[in-house]
Amino acid sequence: QVQLVESGGGLVQAGDSLRLSCAASGRTFSRYGMGWFRQAPGKEREFVATITWNGGGTHYVDSVKDRFTISRDNAKNTVYLQMNNLKPEDTAVYYCAARTNPYGSSVPSDYTNWGQGTQVTVSS
């Protein structure tokens, strides 16, 4: 079982950047496919980005392509989400998630472990 702790959220202005981190416990982090999701008030949880076990494959929701980058450092048991050119519509609680399959997925139910979330607020 892996435990996940997100950090790096905050209040920024439109056009600013933030980097979210997700630190994972356990020795098997490198075997997990990882994902970032977000949930805005009154909305369902939405897929943002996913990455394969070795970082060789990534996939993004269309609304963040060319602005967000997911990456991982298996030596540090950490996955990152670099967010550039933030927009007010990016405001949400961001969650990282892990799945025991080494490949990524955009489907929330494919993930078995979730962090507690970190708030990102983008003002216009």
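Everything numeric in this text was worked out from a predicted model, so none of it was measured.

Undergrad: So what exactly am I meant to see when it comes to the pattern of salt bridges here?
TA: As a working rule, side chains carrying opposite charge can pair if their charged atoms are close by. Under the criterion given, the structure shown has five salt bridges. For Asp-90, the salt bridge identified is with Arg-38, shortest N-O distance 2.9 Å. Placement of Asp-90 in the loop between strand E8 (78–83) and strand E9 (92–99) and of Arg-38 in strand E4 (residues 33–39) is noted, with a sequence separation of 52 residues between them. Asp-90 gets classed as buried once you look at its relative accessible area, which sits at 1%. The exposure class of Arg-38 is buried, given its relative accessible area of 6%. In this structure, Asp-110 engages Arg-99 in a salt bridge whose closest nitrogen and oxygen atoms are separated by 3.9 Å. Taken together, the residues Asp-110 in the loop between E9 and strand E10 (113–114) and Arg-99 in strand E9 connect sequence positions 11 residues apart. Take Arg-99: its relative accessible area is 11%, and that puts it in the buried class. Each of Arg-38, Glu-46, Arg-67 and Asp-90 takes part in salt bridges that share partners, so that together they form one network.

Undergrad: Just checking my understanding: could you explain the sheet that holds strand E7 (residues 68–73) for this structure?
TA: Backbone hydrogen bonds are what pair the strands of a sheet, in a parallel or an antiparallel way. With antiparallel pairing, four strands are arranged side by side in an open sheet as E1-E3-E8-E7. Each edge of the sheet is formed by a strand with only one pairing partner; in this case those strands are strand E1 (4–7) and E7. Shown here is a sheet whose adjacent strand axes are inclined to one another by a mean of 15°, direction ignored. In this sheet, E8 lies alongside strand E3 (residues 18–24) in antiparallel orientation, the contact comprising six bridges. Its bridge partner being in E8, Cys-22 is matched across the sheet by Val-79.

Undergrad: Please explain the state of the cysteines as it appears in this structure.
TA: Among covalent bonds in proteins, the disulfide is the one between the sulfur atoms of two cysteines. Per the counting criterion, the structure on display carries one disulfide. Across a sulfur-sulfur distance of 1.9 Å, Cys-22 and Cys-96 are joined as a disulfide pair. Between Cys-22 and Cys-96 the sulfur-sulfur dihedral comes to about 40°; the bridge is accordingly right-handed. Taken as a pair, Cys-22 in strand E3 and Cys-96 in strand E9 lie far apart in primary sequence, 74 residues in all.

Undergrad: Would you mind showing me how to read the packing of aromatic side chains here?
TA: Describing an aromatic ring pair means giving the distance of the ring centres and the angle of the ring planes. All told, the structure shown has four aromatic pairs when counted by the stated rule. With 5.8 Å between their ring centres and 70° between their planes, Phe-37 and Phe-47 make a pair best called edge-to-face. On the criterion of sequence distance, the pair formed by Phe-37 in strand E4 and Phe-47 in strand E5 (residues 46–51) is long-range, its members being 10 residues apart. Summarising the burial analysis for this pair, Phe-37 and Phe-47 share the class buried. Through successive ring pairs, a cluster of aromatic residues spans Phe-37, Phe-47, Tyr-111 and Trp-114. Lying across the ring of Tyr-95, Arg-45 places its NZ or CZ 3.9 Å from the centre.

Undergrad: For this particular structure, what's the right way to read the pairing of strand E11 (residues 118–123)?
TA: Burial along E11 is one-sided: the face carrying Thr-118, Val-120 and Val-122 is buried and the face carrying Gln-119, Thr-121 and Ser-123 is not. Bridge count for strand E2 (residues 10–13) against E11 is four bridges, and the pairing is parallel. What sits directly across from Leu-11, in E11, is Thr-121. Note that E9 and E11 share three bridges and pair antiparallel. Note that in E11 the partner of Ala-92 across the bridge is Val-120.

Basis of the calculations
Residues numbered from 1 in each chain as written. Predicted model: local features only at pLDDT ≥ 70, side-chain atom pairs only at ≥ 80, totals over all residues. Heavy atoms only, no water. Salt bridge = Lys/Arg side-chain N within 4 Å of Asp/Glu carboxyl O. Helix = DSSP H or I, 4+ residues; strand = E, 2+ residues; numbered from the N terminus. Buried < 20%, exposed > 50% of the residue type's maximum accessible area, 1.4 Å probe, protein only. Pairing = 2+ DSSP bridges. Axes fitted to C-alpha atoms, helices over the stretch in contact; angles between N-to-C directions. Disulfide = S-S within 2.5 Å. Phe/Tyr/Trp six-rings, centres within 6.5 Å; stacked < 30°, edge-to-face > 60°. Lys NZ or Arg CZ within 6 Å of the ring centre and 35° of its normal.

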